[in-house]
Amino acid sequence: MAPAECDPIIEVENLKVYFYTYAGIVKAIEDVSFRICRGETYCLVGETGCGKSVTSRALTRLIYPPGRIVEGKIYYYPEPGRRVDIMSLDEKELRRIRGEEIAYIFQDPSAALDPLYTIGYQVGETMLAHGRVRSLREGVRRAVGVLKTVLMPDPEKRVKSYPHELSGGMKQRGVIGISLSNRPKLLIADEPTTALDVTIQAQIMDLLTQLKREHGLTLLLITHNLGLVAEYCDRVAVMYAGNIVEEAPVDELFSNPLHPYTRALIRAVPNPLAKIENLEHIPGTVPNLITPPPGCRFHPRCPLAFDRCSREKPLLKEYSPGHKAACWALEKS
Ligand SMILES: Nc1ncnc2c1ncn2[C@@H]1O[C@H](COP(=O)(O)OP(=O)(O)OP(=O)(O)O)[C@@H](O)[C@H]1O
Ligand SMILES: [Mg+2]
């Protein structure tokens, strides 16, 4: 999707999130800006601890002490041209938006489900909480239909099952059903398949793609799996230590990665689009975000680093339509 024709559903400008811990201030998100276009699958990718989950939670201000959104603007567009300023909403309005408009699916389906209640009850309860049905009984009755939508096997039986009676894939279908029961416009899937084996992973991703098409959803997919990125995403943002270091349409990212971190990430994993024989690891480790490196946070691990990189933070710059990267070495060439 070309940026010029982007009808944004969410826009983030200069987001900064800190965690005020006993050990010090964790500068988790330094300065993140991006927008997601209506109808696309936008991916956040990067190593563990780079800030993918914190960024996605910040979209509906799901950041609680010791964390705080220190700076930034977040705008949600329920429909083209109607702008909602997320930072100025009160908790009641936020609760309505979370779930009804913007829904989350988290990594571990077991943690997202209450072990004491059946799947049907949990779907029904969510529908009741958001006023989609008038009684819990009606919600539980409608749950069968929801479970059919997420292709739960034997939904009439499964609606009465407790979470422990379901397989990992069924649990995740249940969680997706709960998330979709209020017909959200934006679905944020944070590592939705990490806890599942590879075949189930593919089934869940195919289900999300199908639901996206049928319900006209926009999907924010968070993953560290470049294979999933290549197969399911339209545009990708690569995060490193609290910053987006590169953003591009998916094919462009794999065929012409610009940032040394993206290149290293692609070389570090087998993926279907890049023809690279030998896998390489990225030397060094992700920096401590209490005392992050000055300038470009990647510079201590970067093969192209030069003196400017440790002094000045590079900003995202557009090198071709829709393809941005933040790297001083690119300015040199
Ligand atoms: N409650 C918290 N208290 C202190 N630091 C936190 C807290 N939550 C997150 N962080 C820090 O914020 C940074 C970003 O974390 P985040 O969970 O967004 O990473 P991630 O990219 O989602 O990683 P993963 O791939 O492991 O899920 C990390 O350095 C993490 O330690
Ligand atoms: Mg995470």
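It should be emphasised that the depicted structure is a prediction, and the values quoted were computed from it without experimental measurement.

Q: Lay out the site of ligand 1 with the relevant residues and their values.
A: In the vicinity of ligand 1, 13 residues are found, and the nearest of them are Thr48, Gly49, Lys52, Ser53 and Val54. When the free accessible area of ligand 1 is taken as 640 Å², the share hidden by the protein chains comes to 66%. Every element with two or more residues in the shell around ligand 1 is listed here: strand S1 (8-21) and helix H1 (52-58). A breakdown of the residues in the shell around ligand 1 according to their chemical character gives 5 nonpolar, 5 polar and 3 charged.

Q: Give a detailed account of unusual backbone geometry, specifying residues and quantitative values.
A: With omega at 10 degrees, the peptide bond leading from Pro65 into Pro66 counts as cis. Summarising the element assignment, Pro66 is placed in the loop between H1 and strand S4 (67-79). Phi at Asn14 is positive, roughly 50 degrees, even though this residue is not glycine. Among the secondary structure elements, Asn14 is positioned in strand S1. With relative accessibility at 39%, the residue Asn14 sits in the partly exposed group. Although it is not a glycine, Asp154 adopts a positive phi angle of roughly 50 degrees.

Rules behind the numbers
Residues numbered from 1 in each chain as written. Chains lettered and ligands numbered in written order. Predicted model: local features only at pLDDT ≥ 70, side-chain atom pairs only at ≥ 80, totals over all residues. Heavy atoms only, no water. Near = heavy atom within 4 Å. Areas by Shrake-Rupley, 256 points an atom, 1.4 Å probe, with all protein chains shown as cover. Helix = DSSP H or I, 4+ residues; strand = E, 2+ residues; numbered from the N terminus. Nonpolar A, V, L, I, M, F, W, Y, C, P; charged D, E, K, R; others polar. Buried < 20%, exposed > 50% of the residue type's maximum accessible area, 1.4 Å probe, protein only.

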